[in-house]
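Descriptive structure summary
Below, each chain spelled out in residue letters.
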Amino acid sequence: MRTQVGIVGAGPAGLMLSHLLHLAGIESVILECRSRQYIEDRVRAGVLEQGTVDLMIETGVGERLSREGLRHDGVWFSFEGRRHRIHLSELTDGRAITVYAQQEVVKDLVQARIGAGEPIVFGVEDLSVHDLDSPLPKIRYRMDDVEQEITCDFIAGCDGFHGVCRGSAPEGVITAYERVYPFAWLGILAEAAPTSEELIYTYHPRGFSLFSMRSPQITRLYLQCTPDEDLAQWPDDRIWEELFRRTRTEDGWTPGVGPVIQKGVTGMRSFVIEPMQYGRLFLAGDAAHIVPPTGAKGLNLAISDVLVLSRAVEAFYKSGRKDLLDEYSAQCLSRIWKVQRFSWWMTSMLHLFPGSDGFDHRRQLAELDYITSSRAAMTSLAENYVGLPLD
Ligand code: FAD
Ligand code: DHB
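A quick note: this is a predicted structure, and the numbers were derived from the prediction, not measured.

Once that is clear, we can look at the overall build of the protein chain. If you tally the helices and strands in the protein chain, you get 11 helices and 20 strands. In the protein chain, buried positions account for 57% of the 391 residues. Within the protein chain, contacts between residues at least 6 apart in sequence are counted, and of these 71% link residues at least 24 apart. Split by element, the accessible area of the protein chain, about 16,500 Å² in all, is 50% carbon and sulfur.

Given below as structure tokens:
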């Protein structure tokens, strides 16, 4: 089989890349090791930056997002029993975030691929990439016990943090920069109407917590926990008790309680590779970087990477230009490091670190007080939170 761009992974990065290439008249094939149902049910991110929303709408995959997405013009920070609102849109010329679950983005993009007659091959096994430094790289995999090979002009490694593409570059070509945090998030989905219309990030001496939502009927909540936390030790009653202790404010606000429909623990790391390219292999999204979830940036960064990549590939086919492909990595990394910094900063400000003392506690409170009272600080936070421009 032959295609122009072979895409490994049907997460947001791979699906959006295929969609953008299709709009530019470029053919691609997506190869995914999981089933369609699995990727459409996977509970993950929920916050879209303004640029992600605009891109989905402009490229014709934002119809349901426009209808069902919850636009938030503000975000709350809670500490010492009080909530403080940051008015995102007022501070950023009308930009905002939109709450719309990642699996809904995935469903909309899968639907668009299938509607356009573009192939997504689900359930591939033992995928590997070859001849990356040649003009015709290849993807090999097994499907229903039959070995398959696709010859491509380019391969996009959009196979997430645990994928195979990143490790296929020869030793020494790629450098990784990494921080692993000494805590994790216990996330739950509850059938409970959200009791706040906007997200609330809480700093508490017992640890961070986050109130979010998925719809007018579903609340999404997170609690800081240990990286090796045993879910069996967290029956629903204990989760609610801990959420109440951390999130209750002086005015009596608490999250609404309801049946817990999903639970999971997510580890936290910052990770970036440089460069994001080897020969004709281009890495995008979580395959190239991970941010701690506190800034809600992972999905959005995946989308901004593939926008840059699609433009570079389009310039190659339309006018034979190779310069944008050569600049792909540097152009993405300049944005990635700014987003990495923001995510690290939000994480450091809001979490309890093992061994922290009264000095750290007071410093964190002072920082929270500053970012919720200084217009300059609020503007900086808002500008990053709604998303730096996708230029
Ligand atoms: P992925 O979504 O991981 O997709 C990679 C795909 O490749 C997968 O479908 C995988 O099955 C497939 N694959 C892997 N290996 C192979 C292989 N060998 N062969 C074929 N296919 C393969 N981000 C935000 O922006 N906002 C948030 O609010 C947010 N919250 C989060 C909350 C949680 C609990 C978690 C876990 C993440 C969160 N993120 C958030 C991060 C976000 O989910 C990821 O950054 C995003 O999924 C990255 O997309 P991707 O397409 O690069 O990778
Ligand atoms: C959600 C996840 C995040 O990481 C975040 O910062 C905000 C919201 C969410 O899943 O709703």
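Right, picking up where we left off after that structure.
With respect to spatial proximity, 33 residues lie near ligand 1, and among them Glu 32, Arg 42, Gln 102, Asp 286 and Leu 299 are the closest. Within the backbone of Pro 12, a nitrogen or oxygen atom sits 3.2 Å from an oxygen atom of ligand 1. Here Gly 298 contributes a backbone N or O atom positioned 3.0 Å from an oxygen atom of ligand 1. Look at ligand 1: alone it shows 1,000 Å² of surface, and the protein chains cover 88% of it. Broken down by secondary-structure element, the contributors of at least two residues to the shell around ligand 1 are helix H1 (12-23), strand E2 (28-32), strand E16 (218-225) and helix H8 (298-319). Looking at the shell around ligand 1, its residues break down into 15 nonpolar, 10 polar and 8 charged.

Once that is clear, we can look at the site of ligand 2. Close to ligand 2 lie 14 residues; Tyr 201, Ser 212, Arg 214, Tyr 222 and Pro 293 are nearest. One of the side-chain nitrogen or oxygen atoms of Tyr 201 is found 2.7 Å away from an oxygen atom of ligand 2. In this structure, Thr 294 approaches ligand 2 through a main-chain N or O atom, which is 3.3 Å from an oxygen atom. Within the complex, 97% of the 290 Å² of free accessible area of ligand 2 lies under protein. Elements represented by at least two residues in the shell around ligand 2 include exactly strand E15 (209-215) and E16.

Both faces of the sheet carry side chains from a regular strand, because those side chains alternate between them. The buried fraction of E2 is high, at 5 of 5 residues. On E2, burial covers both faces: Ser 28, Ile 30 and Glu 32 on one face and Val 29 and Leu 31 on the other are all buried. Two strands pair when backbone bridges link them, and strand E1 (residues 5-8) and E2 are joined in this way by 4 bridges, in the parallel orientation. Residue pairing in the sheet places Val 8 in a bridge with Leu 31 of E2. The parallel pair E1 and E2, bridged by H1, forms a crossover whose chirality is right-handed. Inspection of the sheet shows E2 paired to strand E8 (residues 120-122) by 3 bridges, in the parallel sense. Residue pairing for E8: Leu 31 is matched across the bridge by Val 121.

With that out of the way, let us pick up the domain arrangement of the protein chain. The domain boundaries assigned to the protein chain delineate domain 1 (5-72 + 96-177 + 269-346) and domain 2 (181-267 + 352-386). Averaged C-alpha coordinates put domain 1 and domain 2 at centres separated by 29 Å. Overall, the association of domain 1 and domain 2 removes approximately 1,900 Å² of surface from exposure, summing both partners, and the carbon and sulfur fraction of that is 65%. Taken as a group, Val 43, His 72 and Trp 345 account for 25% of the area that domain 1 buries against domain 2, more than any other trio of residues on that side. Linking domain 1 with domain 2 are 0 salt bridges. Viewed at the interface, domain 2 and domain 1 are joined by 8 residue pairs in polar contact (both at pLDDT 80 or more). Every element with two or more residues in the side of domain 1 that touches domain 2 is listed here: strand E4 (70-72), strand E7 (97-99), strand E17 (260-274) and helix H9 (323-350). The element contributing the most residues to the side of domain 1 that touches domain 2 is H9, with 5 residues. Split into classes, the residues belonging to the side of domain 1 that touches domain 2 amount to 15 nonpolar, 6 polar and 5 charged.

A separate point is the sheet that holds strand E10 (residues 138-143). As summarised here, the arrangement of the 3 strands in space is E9-E10-E11, forming an open sheet in which the pairing is antiparallel. The open sheet has two edge strands with one neighbour each: strand E9 (125-130) and strand E11 (146-151). Averaged over all pairs of adjacent strands, the angle between their axes in this sheet comes to 15°, without regard to strand direction. Where E9 and E10 come together, 4 bridges link them in antiparallel fashion.

Criteria and cut-off values
- Residues numbered from 1 in each chain as written.
- Chains lettered and ligands numbered in written order.
- Predicted model: local features only at pLDDT ≥ 70, side-chain atom pairs only at ≥ 80, totals over all residues.
- Heavy atoms only, no water.
- Helix = DSSP H or I, 4+ residues; strand = E, 2+ residues; numbered from the N terminus.
- Buried < 20%, exposed > 50% of the residue type's maximum accessible area, 1.4 Å probe, protein only.
- Contact = heavy atoms within 4.5 Å.
- Areas by Shrake-Rupley, 256 points an atom, 1.4 Å probe, with all protein chains shown as cover.
- Near = heavy atom within 4 Å.
- Polar contact = N/O pair within 3.5 Å; in protein donor to acceptor, adjacent residues only side chain to side chain.
- Nonpolar A, V, L, I, M, F, W, Y, C, P; charged D, E, K, R; others polar.
- Pairing = 2+ DSSP bridges.
- Right-handed = clockwise from strand over helix to strand, strands pointing away.
- Domains from an automatic or database assignment.
- Buried area = accessible area lost by both parts, 1.4 Å probe.
- Salt bridge = Lys/Arg side-chain N within 4 Å of Asp/Glu carboxyl O.
- Axes fitted to C-alpha atoms, helices over the stretch in contact; angles between N-to-C directions.

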